[in-house]
Amino acid sequence: ACTGRDVGRQGTDALTAEQLRATPHVYFRSARPDEYGKVVLADLDAPNERRIVSDLTCDRLDFGTRLGLCLAEVRGVPGIAAVVKIVDVHFTVLQAFPMTGAPIRARISPDERYGAVTVFATGEHYDADFTTRTWLIDLEQRALLGELESFSTTLDGRPFKEVDFNLWGVTFERDSNRFYATLGTGRQRFL
């Protein structure tokens, strides 16, 4: 739900989310002290004046025309925990999934069929710069499809699997039939 804070043209008539989305607009995470972490929908040309501040708090986010992904740290839980929320354009949570780790990336495919989120994993240690976990999400079915490390990987046409695989940085092609991710292993990086 939208709060209505900072809505309008500096004191003139209040804007609706539909009016903002009908023009070039942007969704972002606010850094203002009184709304820190809240998702803002704003006019691309005047993001400080023509904006709507939602009640949705995210550490990482991505929005399409119908859906959004909100990846947020869950504070007050032992260890590092996160939650990924599938939301509609009114910032209503449609589905949520718990994650273990610190939020680092959220991405929605151009056709909004799929999404991907990445967290820094905790509690693992091997000879790597960092440890990540990346999940692929079916946004239409509102279901986790799996962690990318569980997917089959090949290198030069042969199966390729190492204990230190880290996958992150998912980018989808326009039709969602293919996606790319960065794979880190043995201090090497592959796309």
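Residues numbered from 1 in each chain as written. Predicted model: local features only at pLDDT ≥ 70, side-chain atom pairs only at ≥ 80, totals over all residues. Heavy atoms only, no water.

As a further point, take the overall build of the protein chain. Summing up its helical and strand segments, the protein chain has one helix and 16 strands in all. Evaluated residue by residue, the protein chain yields a buried proportion of 45% over its 191 residues. For the protein chain, restricting intrachain contacts to residue pairs at least 6 apart in sequence, the fraction spanning at least 24 positions comes to 41%. About 10,400 Å² of surface is accessible on the protein chain, with carbon and sulfur atoms providing 49% of the total. (Helix = DSSP H or I, 4+ residues; strand = E, 2+ residues; numbered from the N terminus. Buried < 20%, exposed > 50% of the residue type's maximum accessible area, 1.4 Å probe, protein only. Contact = heavy atoms within 4.5 Å. Areas by Shrake-Rupley, 256 points an atom, 1.4 Å probe, with all protein chains shown as cover.)

Not every positive phi belongs to a glycine, and Glu-112 is a case in point at roughly 65°. Among the structural elements, Glu-112 can be located in the loop between β8 (102–108) and β9 (114–120). Residue Glu-112 is classed as buried on the basis of its relative accessible area of 4%. The residue Ser-176 is not glycine, and still its phi comes out positive at about 70°. With respect to the helices and strands, Ser-176 occurs in the loop between β14 (166–172) and β15 (179–185). Looking at Ser-176, the relative accessible area reads 6%, which means it is buried.

The next point concerns the nonpolar core. Within the largest apolar cluster, 16 residues are counted, with the highest numbers of intra-cluster contacts made by Tyr-27, Val-39, Leu-41, Leu-56, Phe-63 and Phe-91. Going through the elements one at a time, α1 (17–21), β2 (38–43), β3 (51–57), β5 (67–74) and β6 (81–88) are the ones with two or more residues in this core. Ignoring sequence-local partners within four residues, the contact set of Leu-41 consists of Ala-17, Leu-20, Arg-21, His-25, Val-26, Tyr-27, Arg-50, Arg-51, Ile-52 and Phe-91. In this structure, Leu-67, Leu-71, Phe-97 and Ile-137 belong to the second largest nonpolar core, which totals 15 residues. (Core = buried A, V, L, I, M, F, W, Y, C linked by side-chain atoms within 4.5 Å.)

Now for the sheet that holds strand β4 (residues 60–63). Here we have four strands laid out as an open sheet, ordered β4-β5-β6-β7, and antiparallel in their pairing. Of all strands in the sheet, those with a lone pairing partner are β4 and β7 (93–100), marking the two edges. Going across the sheet, the axis of each strand differs from the next one's by a mean of 15°, ignoring polarity. For β4 and β5, the ladder comprises four bridges, and the chain directions are antiparallel. The residue bridging Phe-63 from the neighbouring strand is Gly-68, located in β5. (Pairing = 2+ DSSP bridges. Axes fitted to C-alpha atoms, helices over the stretch in contact; angles between N-to-C directions.)

Here we come to the sheet that holds strand β16 (residues 188–190). Strand order in this open sheet of three strands is β14-β15-β16, and the pairing throughout is antiparallel. Strands at the two margins of the open sheet, each flanked by one partner only, are β14 and β16. Neighbour to neighbour, the strand axes of the sheet diverge by 15° on average, direction disregarded. Relative to β16, β15 is paired through three bridges, and the arrangement is antiparallel. Residue pairing in the sheet places Gly-184 in a bridge with Arg-189 of β16.

In the structure shown here, the tally under the stated rule is eight salt bridges. In this structure, the salt-bridge partner of Arg-50 is Asp-43, at a minimum N-O distance of 2.9 Å. Judged on exposure class, the residue Arg-50 and its partner Asp-43 are both buried. Connected via shared salt-bridge partners are Arg-29, Asp-59 and Arg-75. (Salt bridge = Lys/Arg side-chain N within 4 Å of Asp/Glu carboxyl O.)

Let us now look at the state of the cysteines. The full count for this structure, using the stated rule, is one disulfide. Between Cys-58 and Cys-70 runs a disulfide, and the two sulfur atoms are separated by 2.0 Å. Of note, the bridge from Cys-58 to Cys-70 carries an S-S torsion of about -120° and is left-handed in sense. Of the two residues, Cys-58 is situated in the loop between β3 and β4 and Cys-70 in strand β5; the sequence distance between them amounts to 12 residues. Comparing Cys-58 with Cys-70, the two get one shared label, buried. (Disulfide = S-S within 2.5 Å.)

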